[in-house]
Amino acid sequence: MRPLALLGGTFDPIHVGHLRVAWEAAEALNADLWMLPASVPPHRAAPGASAAQRLAMLEAALLGQQRLRADPRELRRSGPSYTIDTLCEVRAEIGPQRPLVLLVGADAFAGLSTWHRWRELFDHAHIGVLTRPGHGGVFEAELAAEWFTRRVADAGALREAPAGRILPIEVTPLDVSASAIRALLAEGRSPRYLVPDAALAIIEREGIYGVREKNA
Ligand code: ATP
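Residues numbered from 1 in each chain as written. Predicted model: local features only at pLDDT ≥ 70, side-chain atom pairs only at ≥ 80, totals over all residues. Heavy atoms only, no water.

**With respect to the sheet that holds strand β5 (residues 126–130)**
The 6 strands lie next to each other as β3-β2-β1-β4-β5-β6, forming an open sheet whose pairing is parallel. Looking at which strands have only one partner, the edges of the open sheet turn out to be β3 (68–70) and β6 (166–169). In this sheet, neighbouring strand axes are inclined to one another by 25 degrees on average, regardless of whether the strands run parallel or antiparallel. Across 6 bridges, the pairing between strand β1 (residues 4–9) and strand β2 (residues 32–37) is parallel. When the sheet's bridge partners are listed, L7 is paired in β2 with M35. (Pairing = 2+ DSSP bridges. Helix = DSSP H or I, 4+ residues; strand = E, 2+ residues; numbered from the N terminus. Axes fitted to C-alpha atoms, helices over the stretch in contact; angles between N-to-C directions.)

**Observations concerning the nonpolar core**
Soluble globular proteins tend to bury their nonpolar side chains together. Grouped together as the largest cluster of nonpolar side chains are 43 residues, with contacts concentrated most on I14, L29, L33, M35, M57 and L103. Not counting chain neighbours up to four residues away, the residues in contact with L29 comprise P3, A5, V101, L103, A155, L158, R159, L167 and I169. V90, L100, F139 and L143 belong to the second largest nonpolar core, which has 25 residues in total. (Core = buried A, V, L, I, M, F, W, Y, C linked by side-chain atoms within 4.5 Å. Buried < 20%, exposed > 50% of the residue type's maximum accessible area, 1.4 Å probe, protein only. Contact = heavy atoms within 4.5 Å.)

**Focus: the pairing of strand β4 (residues 100–105)**
By the criterion of burial, β4 is predominantly enclosed, with 6 of the 6 residues buried. Because side chains alternate across β4, one face comprises the buried residues L100, L102 and V104, and the other comprises V101, L103 and G105, equally buried. When β1 meets β4, the two strands line up parallel, connected through 4 bridges. Counted as the bridge partner of L4 is L100 from β4. In this structure, β4 lies alongside β5, joined through 5 bridges in parallel fashion. Across the sheet, V104 pairs through a bridge with V129, a residue of β5.

**Focus: the environment of G210**
In this structure, G210 sits in the segment after α10 (197–206). Placed 161 residues apart in sequence, G210 and A49 show a C-alpha to C-alpha distance of 9.8 Å.

**So, the pattern of salt bridges**
By the definition in use, this model includes 18 salt bridges. Among the ionic pairs, R73 bridges to E89, the shortest N-O distance being 2.9 Å. With a gap of 16 residues between them, R73 in helix α3 (residues 73–76) and E89 in helix α4 (residues 83–94) connect regions that are remote in the sequence. Take R73: its relative accessible area is 11%, and that puts it in the buried class. In this structure, the salt-bridge partner of E160 is R165, at a minimum N-O distance of 3.6 Å. Judged by relative accessible area, which is 64%, E160 ranks as exposed. (Salt bridge = Lys/Arg side-chain N within 4 Å of Asp/Glu carboxyl O.)

**Thoughts on the pairing of β5**
Counting buried positions along β5 gives 5 out of 5 residues, so the element sits mostly inside the fold. For β5 and β6, the ladder comprises 4 bridges, and the chain directions are parallel. Paired with L130 across the two strands is I169, which belongs to β6.

Written out as structure tokens, the structure is:
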């Protein structure tokens, strides 16, 4: 059965790293992929753009293709966005059989055992770990134990079960991060070509991250 893959994040702002690795993972898994902006991220400082702006930038970036789409459910829930709640919701919608793959970058995966009810994630989804420059494979003991028992080597293994496996997914190394983009903007520099044009237009139009309108 065609898997459904989910990529959660703050997307503050969406950048070419997110888009390209999401695209490559969707191809590798032969999956549909939903990108889910988090409302109040439990693990990080408040974002620079509002929830509505982060969603608008994401939707603008995804125009013109069908495979990746934005799913705003975490922004509609009150309180922090716990991935376990999202997985339970999506699992209830898609039924028990369809493979569900939670995609996380290698940096996010390394912190997985700090996530709310993290062990239950495997009851509802597989985890696909996207390679990311500068983030290697050193995990604390509990996570390492899950890695060694659940890890599979190819995407076919994720189609044979609805949940519970871990697949490392080798993607093009793109050393792009939202925090580096916000730092550029704070210096008055442009993130052009790191952020899709349609999202950059929203940043400039709405003055997000303190950007002053230059072309008005
Ligand atoms: P920040 O720099 O603010 O922490 P970020 O660039 O990591 O942000 P997030 O929205 O936090 O962006 O990322 C969402 C998900 O995408 C996370 O699982 C993250 O690991 C992954 N990700 C983001 N950028 C990349 C990249 N360049 N390569 C691989 N994975 C990435």
